[in-house]
Amino acid sequence: MDQGFNLDDIAPIAVLMDELRSEDVQLRLNAIHSISTIALALGPDRAREELIPFLRDSVDDEDEVLLALAEELGKNFEQYIGGPEYADVLLGPLENLSAVEETLVRDKAAESITKVAVVLSQEQIEKHYIPLLKRLSQGEWFTSRTSSAALYSAVYAKVSTPIQDDLRKGFAALGSDDTPMVRRAAAKWLGPLLAHYAQPHILSDGLPVYRRLQSDDQDSVRLLTVEDLIVLAKRLSAPEVKEHLLKQMKQSIGDKSWRVRYMAASHFNELAEAVGVEIVREELIGQYVQLLKDNEAEVRTAAASQIPGFSALLDKEVILARIVPCVRDLSQDTSQHVRAALANQISGLAPLLGRDATVEHLHPLFLHLLKDDFPEVRLNIISKLETINKVIGVDLLSDSLLPAIVELAEDKSWRVRQAIIEYVPLLAKQLGRPFFDEQLGNLCMSWLGDTVYSIREAATVNLKKLTEVFGVDWAKVAIVPKVMGMGAHPNYLFRMTTVQAITTIAPSLTLEILQSEVITPLLELAKDPIPNIRFNVAKSLEVMAISFGSTPQGRAFIQEWVMPALEHQKNDVDADVRYFASRALSKVASSA
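What counts and what doesn't
Residues numbered from 1 in each chain as written. Predicted model: local features only at pLDDT ≥ 70, side-chain atom pairs only at ≥ 80, totals over all residues. Heavy atoms only, no water. Helix = DSSP H or I, 4+ residues; strand = E, 2+ residues; numbered from the N terminus. Buried < 20%, exposed > 50% of the residue type's maximum accessible area, 1.4 Å probe, protein only. Contact = heavy atoms within 4.5 Å. Areas by Shrake-Rupley, 256 points an atom, 1.4 Å probe, with all protein chains shown as cover. Lys, Arg positive; Asp, Glu negative; His and termini not counted. Charge placed at Lys NZ, Arg CZ, Asp CG, Glu CD. Salt bridge = Lys/Arg side-chain N within 4 Å of Asp/Glu carboxyl O. Phe/Tyr/Trp six-rings, centres within 6.5 Å; stacked < 30°, edge-to-face > 60°. Axes fitted to C-alpha atoms, helices over the stretch in contact; angles between N-to-C directions. Parallel < 35°, antiparallel > 145°, perpendicular 65-115°, else oblique. Left-handed = near helix turned anticlockwise from the far one by under 90°. Nonpolar A, V, L, I, M, F, W, Y, C, P; charged D, E, K, R; others polar. Patch = residues over 30% accessible without salt bridge, like charges linked within 9 Å, V, L, I, M, F, W, Y side chains within 5 Å. pLDDT = per-residue confidence, 0-100.

Looking at the overall build of the protein
Of the regular secondary structure elements, the protein holds 39 helices and 0 strands. In terms of principal-axis extent, the alpha carbons of the protein reach across some 85 × 85 × 40 Å. Buried residues in the protein amount to 52% of all 592 residues. Across the protein, contacts joining residues at least 24 apart in sequence account for 68% of those joining residues at least 6 apart. For the protein, the exposed surface amounts to about 26,600 Å²; the carbon and sulfur share of it is 51%. Of the charged side chains in the protein, 61 are positive and 82 negative, and the gap between their average positions amounts to 5 Å.

Shown next as structure tokens:
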């Protein structure tokens, strides 16, 4: 061996090579994730001359390892090999990864190539990136041609006019490829590429590729052209849209495949905004109604989600004549998912129609949906009450609202019960204190005794929010006595809930209430036979001390009540109680 050769220099690359040849996949993965560290140890020159060629030649058979490599090379790796002027060196290994069989690896490699393209100069792009793009676009296997579609838009604006001409021809070839997967990739990446085309090329080159893909015999290709249609519509004037795109637009909306119609319905608002109000009012109202009445529930669900956005582009009379009848039908739809989507969006029509029309046409539908058999439908209506309230006031709904809330509050699914608890503070604000006290006060307290911990926890947070809505005086009368009363319950879960509720709401109460109503029963619970309750009392005392320790009265309260209790708990027989008491004492001392 050459005596002048430093053994430390060869170590990083040798270790990497050994680990990448290991049979243990995890070891190979770890090695790939550490290539930036290895590159740093080697220095820029050796990283370029040894590490990158090694990575280019070692195409591992494990997709997981290849995916990790594709990702690592896209994380500003050029900084380890000498900066942006050498970034083109990374294209070699990424080109190999772009042609592998696994889709995830190819997609990640293409993404990393486009990240590298950001730092390349025009000269580097034309000398290294464009030849790579041509090789992938004309590759024998469909895998490389599929990957190439993602690479056009990243550099189109950066190259000279003759090369742009070639790129448009290359992409057009992908759009008419024999393999559906390649055409699918072309449909997916046509939109981003069109954004860079000069205006004349939109019609001369972009439109023919779009039309070819939009009439493809595979629905998986056609559905991806809906987003291309939106990009094209944004780039063209209203007369050009009418002349060149209207036929294709109607074909996509009425496609024989429900998946294409679903895609059109999901993006209908974007499409409507792209084509402009004039075309919407002349041509698209009928198309949208067609989607709302589609045979497939998935399409109706997607169309229902667009109702307020699309209606905002229409006159009030048109909404009443064309959209509201469809909404009425959807409220009776056989699919619960359609009704849930409608319930989530129907309130958005109220501001567009105004009070009188909402009361006449939508109010009966709100009431009907509030009585729906499916909990999500009722929840969605309740979640959007604020919008309804602003237009018609919640009084008109209160008679139906209460049974719906009670039913949801007692639903057998705890997730439904939790969701309605989270809406209670909003309802309290809308309904006002008298209605709330009379109808919902007891319900809120009953959740504190729920069998599911998440519900009891949500119920304590709910009490804190209600205190913030109605004020401390209300809490003193309506909440605190009931919560403290549960502290004497024979079941330890109720006693535990009392402690946790006090911990949560204490910062929202006043010192006076704590002294008169809370501290004495709480200190009784510090002697509870159950250790879990005792250490939760320590946590509660800690919260009180931190919340009220900033005033002289608060400090006096802490010295008189909190500190002696914690000092006593510090000598408890249970280790957890001792730990939380000691922690509380140290936090109280540090905040004093």
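Concerning helix H19 (residues 268–275)
With 6 of 8 residues buried, H19 is to be regarded as a mostly interior element. Considered for burial, the residues of H19 that qualify are Phe 268, Asn 269, Leu 271, Ala 272, Ala 274 and Val 275. At the exit of H19 stands Gly 276, carrying a positive phi of roughly 95 degrees.

Remarks on the pattern of salt bridges
Inspection of the entire model under this criterion finds 30 salt bridges. Residues Asp 528 and Arg 495 are paired through a salt bridge, measuring 2.6 Å at the closest nitrogen-oxygen approach. You can see Asp 528 sitting in the loop between helix H36 (511–525) and helix H37 (531–548) and its partner Arg 495 sitting in helix H35 (residues 492–505), a full 33 residues away along the chain. Exposure remark for Asp 528: the relative accessible area of 6% places this residue in the buried category.

Things to note about the packing of aromatic side chains
Following the criterion strictly, the structure yields 12 aromatic pairs and no others. Plain terms: the ring middles of Phe 436 and Trp 474 are 6.1 Å apart, the flat faces sit at 65 degrees to each other, and that makes the pair edge-to-face. Taken together, the positions of Phe 436 in helix H30 (residues 433–439) and Trp 474 in helix H33 (residues 472–478) put the pair 38 residues apart, joining distant regions of the chain. For the residue pair Phe 436 and Trp 474, the accessibility class agrees, reading buried in each case. Here Phe 470 and Trp 474 contribute two aromatic rings whose centre-to-centre distance is 5.0 Å and whose plane-to-plane angle is 65 degrees, an arrangement assigned as edge-to-face. Assigned by exposure class, Phe 470 and Trp 474 land together as buried.

Regarding helix H26 (residues 375–383)
Note on helix geometry: an α-helix contains 3.6 residues per turn, so any two residues three or four positions apart are oriented the same way. Within H26, 8 of the 9 residues are buried, which leaves it mostly tucked inside the rest of the structure. Three or more residues of H26 are buried, namely Pro 375, Val 377, Arg 378, Leu 379, Asn 380, Ile 381, Ile 382 and Ser 383.

Section: the packing of helix H13 (residues 199–214) against helix H17 (residues 246–253)
For any two helices packed against each other, the geometry comes down to the angle between their axes and how far apart the axes lie. Two numbers describe how H13 lies on H17: the axes approach to 11 Å, and their chain directions differ by 25 degrees. Taken together, the axis directions place H13 and H17 in an arrangement best described as roughly parallel. At the point where H13 passes H17, the crossing takes the left-handed sense. For the pair H13 and H17, the contacting residues are Tyr 210, Arg 211 and Gln 214 in the first and Gln 248, Gln 251 and Ser 252 in the second. Class assignment of the residues belonging to the contact of H13 with H17 gives a composition of 1 nonpolar, 4 polar and 1 charged.

A few points about the environment of Val 100
Looking at the element boundaries, Val 100 is found in the loop between helix H6 (91–97) and helix H7 (103–119). Residue Val 100 is classed as buried on the basis of its relative accessible area of 12%. For the pair Val 100 and Ser 147, spaced 47 residues apart in sequence, the C-alpha separation works out to 9.6 Å. What Val 100 contacts, discounting residues up to four positions off in sequence, is Leu 66, Val 105, Arg 106 and Thr 143.

Considering the environment of Ile 279
By the element assignment, Ile 279 lies in helix H20 (residues 277–292). We classify Ile 279 as buried; its relative accessible area is 0%. Here the alpha-carbon distance between Ile 279 and Phe 77, two residues 202 residues apart in the chain, equals 48 Å. Beyond its immediate chain neighbours, meaning those up to four positions away, Ile 279 contacts Ala 238, Val 241, Lys 242, Leu 246 and Leu 284.

Things to note about the packing of H17 against H20
It is the contact of H17 with H20, at a shortest axis distance of 10 Å, that shows an interaxial angle of 15 degrees. With respect to their mutual orientation, H17 and H20 come out roughly parallel. In the packing of H17 onto H20, the handedness of the crossing is right-handed. From H17, Leu 246, Met 249, Lys 250 and Ile 253 reach across to H20, where they touch Ile 279, Glu 283, Leu 284, Gln 287, Gln 290 and Leu 291. Looking at side-chain class alone, the contact of H17 with H20 contains 6 nonpolar, 2 polar and 2 charged residues.

Looking at unusual backbone geometry
For Asn 76, which is not glycine, the phi dihedral falls at a positive 50 degrees. Of note, Asn 76 is situated in the loop between helix H5 (63–73) and H6.

A short note on the environment of Glu 567
Counting through the fold element by element, Glu 567 comes out in helix H38 (residues 552–569). Counting along the chain gives 201 residues from Glu 567 to Phe 366, while the straight-line C-alpha distance between them is 57 Å.

As for a negative patch on the surface
A grouping of Glu 62, Asp 63, Glu 64 and Glu 101 is seen on the molecular surface, where their side chains present a negatively charged patch. Assignment of secondary structure puts Glu 64 in helix H5. Classification of Glu 64 by relative accessible area gives partly exposed; the value is 47%.

Looking at the confidence of the model for the protein
For the protein, per-residue confidence averages 85 on the pLDDT scale, and residues scoring 70 or more make up 95% of the total. Across the protein, helix H21 (residues 297–304) holds the top mean pLDDT of 94, while helix H1 (residues 7–20) sits lowest at 62. Scored below 50 in pLDDT, residues 1–9 makes 3 contacts in the model with residues more than four places away or belonging to other chains.

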